[in-house]
Amino acid sequence: MLYKNLNIWNGVGEDIFFGDIFVDKDIFGIGRSKQSSSKDFSGCFAIPGLIDSHIHLCLDPYERNPLKQEVDEEKLKAAMISRAELIVKAGITTVRDLGGGKHLELLVRDLIKEKKLTGPRLICAGQPITSRGGHCHFWGGEAESIEEAIKVMNRQAMAAVDLIKIMVTGGSMTPKSKPINSQFDLDFLTKVVGEAKKLNYPVAAHCHGSDGILKAAEAGVSTIEHCSWVGESGWGRGFDMKTATLISKKEIWVSPTVNSGWKRYLESNYLEILRNNFKKMKEVGVRFIASTDAGIPNIFHTDLPLAMPVFSEIAGLTNTETLRAATSDAARAIGLSGVTGSIESGCSADFVIYDENPLADLNVLKAPKLVVVRGQEVSVD
Ligand SMILES: [Zn+2]
């Protein structure tokens, strides 16, 4: 199939090129074949499909209490399947699922891969490692010793996850868990990263407190989720330059889960603290990827396009930098470089067409005209 006369941003550079996109089965092809049918998109814009690097497919955003989430497996699976379809219709063609309790997201991942369902490419962590009674313990990944953590990891490997997630600090979602507190010490975290490496898995680390952020960086995780710099005097108030420098030096990606709900900070006193932290992290070369933590209360699985303008404003990123954080940079960060995240021959044909230029205005992302995932067109209405 040939998509003609497009203004194309390939996900990597600064410029927009005028031309055609040729899709050969499920990848971007080179040139065009005479037989290929074509569609004209004069005046429209194409960019790589968006990547949300932190979601929870199993969580119902309407349910505030994590302990009251759907337990019936058939009902839950049906809900997750319909969420997957909505995700891709929103122009999000890849998501990284950072935790659930029943491994149903792996089932959905495989059904999508087999083209039995419409949905995004899924990268799944399964049950996150957490402390006894710790953050999201109800997902079944409790471990107090490294031996127990290895058991949790082996169980995830048996279920064929794509990476390991660990709750380095407490979180807001779990009763009795405090975001500032570290759940594990450096020795434990270093061993987890080492054991994960043996299984060929990168590690995504949930970190709110500054102490946990430092430990995760020292242990050498691949991505730091949230990175909220919670200190003794509150959220964002525990920023530490040495830790930020270490994150940069170790080339760890920060996935700050700035979703559209963060709009509430744009007119609060917290904004200056947030902006300052991002500014300082940028100064020492920390790199960011776009993520929303979709599934948490009131954050829908289709949130990323709505979150992008907010992320840009809070993190002080240009529109192009913000889009890279949700395309080529995200692909690099989550191990999908050369697979998706850019419009180039050989990559999976994941792209979105818009009526207007999203690089000029990120709000354009809210209204995709056509989504193509693995070469398959998805209707957006
Ligand atoms: Zn999360």
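Residues numbered from 1 in each chain as written. Predicted model: local features only at pLDDT ≥ 70, side-chain atom pairs only at ≥ 80, totals over all residues.

Engineer: Give me the lowdown on the pairing of strand E15 (residues 368–373), citing residues and values where you can.
Structural biologist: Two faces belong to every sheet, and in a regular strand the side chains alternate between them. As paired elements, strand E14 (residues 351–354) and E15 share 4 bridges and run antiparallel to each other. Its bridge partner lying in E15, Val352 is registered against Val371. The hairpin formed by E15 and strand E16 (residues 376–378) contains 2 residues between the paired strands, and Arg374 there has a positive phi angle of roughly 45 degrees. (Pairing = 2+ DSSP bridges. Helix = DSSP H or I, 4+ residues; strand = E, 2+ residues; numbered from the N terminus.)

Engineer: So what about the nonpolar core? Which residues, and what values?
Structural biologist: Of all hydrophobic cores here, the largest spans 117 residues; its most connected members are Ile21, Ala46, Val203, Ala216 and Ile224. Every residue in contact with Ile21, bar those within four places of it in the chain, is listed here: Tyr3, Leu6, Ile8, Phe28, Ala46, Ile343 and Phe351. (Core = buried A, V, L, I, M, F, W, Y, C linked by C-beta atoms within 7 Å. Buried ≥ 20, exposed ≤ 12 C-beta atoms within 10 Å, placed from the backbone. Contact = placed C-beta atoms within 7 Å.)

Engineer: If you had to explain the sheet that holds strand E8 (residues 121–124) to someone new, which residues and values would you point to?
Structural biologist: Strand order across the open sheet formed by 3 strands is E6-E7-E8, with parallel pairing between neighbours. Each end of this open sheet is capped by a strand with a single partner; those strands are strand E6 (50–55) and E8. Strand-to-strand twist in this sheet, taken as the mean axis angle between neighbours without regard to direction, amounts to 15 degrees. By the bridge criterion, 4 bridges tie E6 to strand E7 (residues 92–97) in an arrangement that is parallel. When the sheet's bridge partners are listed, Ile51 is paired in E7 with Thr94. Helix-sheet contacts for helix H2 (residues 104–113) involve E7 and E8, and the interaxial angle to E8 is about 150 degrees. (Axes fitted to C-alpha atoms, helices over the stretch in contact; angles between N-to-C directions.)

Engineer: Requested: an account of the domain arrangement of the protein, with residues and values cited.
Structural biologist: In terms of domains, the protein is made up of domain 1 (2–47 + 341–378) and domain 2 (50–333). Relative to domain 2, the C-alpha centre of domain 1 lies at a distance of 28 Å. Taken together, the contacts link 18 residues of domain 1 with 22 residues of domain 2. The dominant element in the side of domain 1 that touches domain 2, judged by the number of residues it contributes, is E15, at 3 residues. Of the residues belonging to the side of domain 1 that touches domain 2, the class tally is 11 nonpolar, 4 polar and 3 charged. (Domains from an automatic or database assignment. Nonpolar A, V, L, I, M, F, W, Y, C, P; charged D, E, K, R; others polar.)

Engineer: Go over the sheet that holds strand E9 (residues 164–167), please, and point to the residues and values.
Structural biologist: Reading across from one edge, E9-E10-E11-E12-E13 is the order of the 5 strands in this open sheet, with parallel pairing throughout. Every other strand in the sheet has two partners, leaving E9 and strand E13 (287–288) as the edge strands with one partner each. As paired elements, strand E11 (residues 223–230) and strand E12 (residues 253–255) share 3 bridges and run parallel to each other. By the bridge assignment, Ile224 is partnered in E12 with Val254.

Engineer: Tell me about the environment of Gln127, and please be specific about residues and values.
Structural biologist: Looking at the secondary structure, you find Gln127 in the loop between E8 and helix H3 (146–158). Owing to 23 C-beta atoms within 10 Å, Gln127 belongs among the buried residues under this scheme. Distance in space between the C-alpha atoms of Gln127 and Ala217 is 21 Å, their sequence separation being 90 residues. Setting aside residues no more than four positions away along its own chain, Gln127 makes contact with Gly101, Trp139, Gly140, Gly141, Val152 and Gln156.

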